[in-house]
Amino acid sequence: MRARSRLTQSNLAGWSFALPGLALVAVFIILPFFVGIGLSLTNQRLISPNPAQFVGLENYRNLMGLSVLTIEPERDAAGAIVRDDAGAIEYPRVRTFTRNNPDYPHLQGMREWISWQSRENRVVLLASDVVFMKALVNTIIFVAVIVPVQGGLALVLALLINQRLPAITLFRAIYFMPVVISVVVVSILWRLIYDGDNGLLNNLLGLISFGLIPPIDWLGNPDTALGAIIGVSVWHSVGFHMVIWLAGLQTIPPSLYEAAAIEGASKWQTFRYVTWPGLRNTAVLVLIVITMQAFELFAKVDLMTKGGPLDSTQTIVFQAVERGFRTQDIATGSAISVIGFVLVLSISLTQRYLTRSRHE
């Protein structure tokens, strides 16, 4: 009875310490999440005298609606294909199908997103919300690049500094230093570095190439803007994940490395059969953390490009803030947040499944 009484008192003490934290999580995370789901099913405006109405999944359909339209070329009275002065095939305008056309009611209000040629026909991918679809694709591209590049580079840095060398602490501090710099300062600094007229990066490239590489407007060109933000993100956060890898490396027993050395294992074999298996749990943590941080990309986009040029750096979180607060469409912003949450959860669970150990 005394043991049970002590166990009960211990549980009560533990719950007493945990309850304030759980209450904060419930109030600021769990409750707003369910409120967001509820708002996403209405037409609520942030500031509006009109009461909100339940619209079901309409916000999600307006965001995710896609359709494929095949347009045949225009033909003359004899049935021959009409071509312009340059010899290119002429097609009816997309808006003739998406505006006030009773034959295509499901295409009304949609806009052209992507098009390609299929023999003589033109195939057009239409979207109900082209900007959001671009934000979705940009976010997926950002995550697909950031996760392996940042995770791999952080592992390489951790392997380099996980040695007993003179001044190794200094190198650890240098690699970790960008993490403690404010994202606002980082964004302004790199915006100056990327400046298309007199930026540091263009000056260095011109110096190295003896003027053969012309100045590039890194943030003003749709082809380079997203890549430029990826570069900033890797530089800014790689030190944080380096520390996590380093902590994992230091939990591997030195006796395993001694045994590998006795067996004559090469450096690659030692990494493959000793280091990497010992980092399995660390790898799962690093991948999930990088993925979650990558999906939260907002501040750098907001401060460096404002989602441009030509929506080439739009992201899911940027769109959620843009719609929810700046245009006061809180219902659509909530729907975007829910879509982002489902996407992050799906990818995180997939990563966890693919990186699970054989005994799980």
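What you see is a predicted model, and the numbers here were worked out from it, not measured in a lab.

What counts, and at which threshold
- Residues numbered from 1 in each chain as written.
- Predicted model: local features only at pLDDT ≥ 70, side-chain atom pairs only at ≥ 80, totals over all residues.
- Heavy atoms only, no water.
- Helix = DSSP H or I, 4+ residues; strand = E, 2+ residues; numbered from the N terminus.
- Rg over C-alpha atoms; globule rule 2.2 N^0.38 Å.
- Contact = heavy atoms within 4.5 Å.
- Areas by Shrake-Rupley, 256 points an atom, 1.4 Å probe, with all protein chains shown as cover.
- Buried < 20%, exposed > 50% of the residue type's maximum accessible area, 1.4 Å probe, protein only.
- Polar contact = N/O pair within 3.5 Å; in protein donor to acceptor, adjacent residues only side chain to side chain.
- Pairing = 2+ DSSP bridges.
- Axes fitted to C-alpha atoms, helices over the stretch in contact; angles between N-to-C directions.
- Parallel < 35°, antiparallel > 145°, perpendicular 65-115°, else oblique.
- Left-handed = near helix turned anticlockwise from the far one by under 90°.
- Nonpolar A, V, L, I, M, F, W, Y, C, P; charged D, E, K, R; others polar.
- Patch = residues over 30% accessible without salt bridge, like charges linked within 9 Å, V, L, I, M, F, W, Y side chains within 5 Å.
- Salt bridge = Lys/Arg side-chain N within 4 Å of Asp/Glu carboxyl O.
- Core = buried A, V, L, I, M, F, W, Y, C linked by side-chain atoms within 4.5 Å.
- Phe/Tyr/Trp six-rings, centres within 6.5 Å; stacked < 30°, edge-to-face > 60°.
- Domains from an automatic or database assignment.

From N to C terminus, the chain includes 14 helices and 3 strands. The C-alpha atoms of the chain give 27 Å as radius of gyration, which overshoots the globular expectation for 360 residues (21 Å, by more than 25%). Along the longest, intermediate and shortest principal axes, the C-alpha atoms of the chain span 90 × 70 × 45 Å. For the chain, the share of sequence-separated contacts (at least 6 apart) that also reach a separation of at least 24 residues comes to 62%. Of the roughly 22,100 Å² of accessible surface on the chain, 64% is carried by carbon and sulfur atoms.

Tracing the backbone through its elements, the reader meets Asn101 in the loop between α3 (95–98) and β2 (111–118). We classify Asn101 as buried; its relative accessible area is 15%. For Asn101, the side chain forms a polar contact with the main-chain oxygen of Thr96, separated by 2.8 Å. When sequence neighbours within four positions are dropped, the list of residues in contact with Asn101 reads Thr96 and Gln108.

Side-chain alternation along strand β1 (residues 66–71) places Ser67, Leu69 and Ile71 on a buried face and Leu66, Val68 and Thr70 on a face that remains uncovered. Judged from the 6 bridges that link them, β1 and strand β3 (residues 121–127) form a sheet pairing that is antiparallel. Its bridge partner lying in β3, Val68 is registered against Leu125.

So, on to the packing of helix α4 (residues 130–161) against helix α14 (residues 330–354). For the pair α4 and α14, interaxial distance at closest approach is 13 Å and the crossing angle is 30°. Of the possible angle classes, the one that applies to α4 and α14 is roughly parallel. The hand of the α4/α14 crossing is right-handed. On α14, the residues touching Phe132, Leu136, Ile140 and Val147 of α4 are Ile336, Ile339, Leu343 and Gln351. Tallied by class, the residues present in the contact of α4 with α14 amount to 7 nonpolar, 1 polar and no charged.

Here the residue pair Gly308 and Pro309 is connected by a cis peptide bond, since its omega of -5° sits within 30 degrees of zero. Positioned with a positive phi, Arg119 is a non-glycine residue whose angle comes to about 60°. Checked against the element boundaries, Arg119 lands in the loop between β2 and β3. By relative accessible area, which is 82% here, Arg119 ends up exposed.

On the surface, Leu170, Phe171, Ile174, Met177, Val180, Ile181, Val185, Leu189 and Trp235 cluster together to form a nonpolar patch covering roughly 800 Å² of accessible area. Here the nonpolar patch takes 3 residues from helix α5 (residues 168–176), the largest share from any one element. Inspection of the secondary structure assignment puts Ile181 in the loop between α5 and α6 (183–193).

Within the largest apolar cluster, 33 residues are counted, with the highest numbers of intra-cluster contacts made by Phe142, Ile146, Ala158, Ile230, Met242, Trp245 and Leu279. Residue assignment for this core shows that the elements contributing at least two residues are α4, α8 (225–249) and α11 (280–295). Of the residues forming this core, the biggest block, 10 residues, is contributed by α8. Apart from the residues lying within four places of it in its own chain, the contact partners of Trp245 are Gly151, Ala154, Leu155, Ala158, Trp276, Leu279, Thr282, Ala283 and Val286. In terms of nonpolar packing, the next biggest core, distinct from the first, is built from 15 residues, Leu125, Leu136, Ala335 and Ile339 among them.

Quick look at the sheet that holds β2 now. By way of backbone hydrogen bonds, the strands of a sheet pair with one another, either parallel or antiparallel. If you trace the 3 strands from one edge of the open sheet to the other, you get β1-β3-β2, paired in antiparallel fashion. The open sheet is flanked by β1 and β2, the only strands paired with a single partner. Ignoring which end each strand starts from, the neighbouring axes of this sheet average 20° apart. Sitting on the sheet, α4 touches β1, β2 and β3, and the angle it makes with β2 is about 70°.

For any pair of aromatic rings, geometry is given as the distance between the ring centres together with the angle between the planes. Tallied over the full model, the rule gives 10 aromatic pairs. Each ring, one from Phe33 and one from Phe34, has its centre 5.4 Å from the other, and the planes form 75°; the classification is edge-to-face. Relative accessible area serves as the criterion here: at 54%, Phe34 is assigned to the exposed category. Centroid distance Phe33 to Phe341: 4.6 Å. Interplanar angle 55°. Geometry classified as tilted. Of this pair, Phe33 sits in helix α1 (residues 2–40) while Phe341 sits in helix α14, and the two are 308 residues apart along the sequence. With a relative accessible area of 40%, Phe341 lands in the partly exposed category. Ring pairs connect the aromatic residues Trp190, Tyr194, Trp218 and Trp235, which therefore count as one cluster.

Let's shift gears to the domain arrangement of the chain. Considered domain by domain, the chain is made up of domain 1 (66–127) and domain 2 (131–354). Centre-to-centre, using C-alpha coordinates, domain 1 lies 40 Å away from domain 2.

Let us look at the packing of α4 against α11. At a minimum axis distance of 9 Å, the contact between α4 and α11 shows a crossing angle of 145°. Both α4 and α11 take part in a crossing whose hand is right-handed. Of the residues in α11, those touching α4 at Thr139, Phe142, Val143, Ile146, Val147, Gln150 and Gly151 are Leu287, Ile290, Thr291, Gln293, Ala294 and Phe295. Here the residues of the contact of α4 with α11 sort into 8 nonpolar, 5 polar and no charged.

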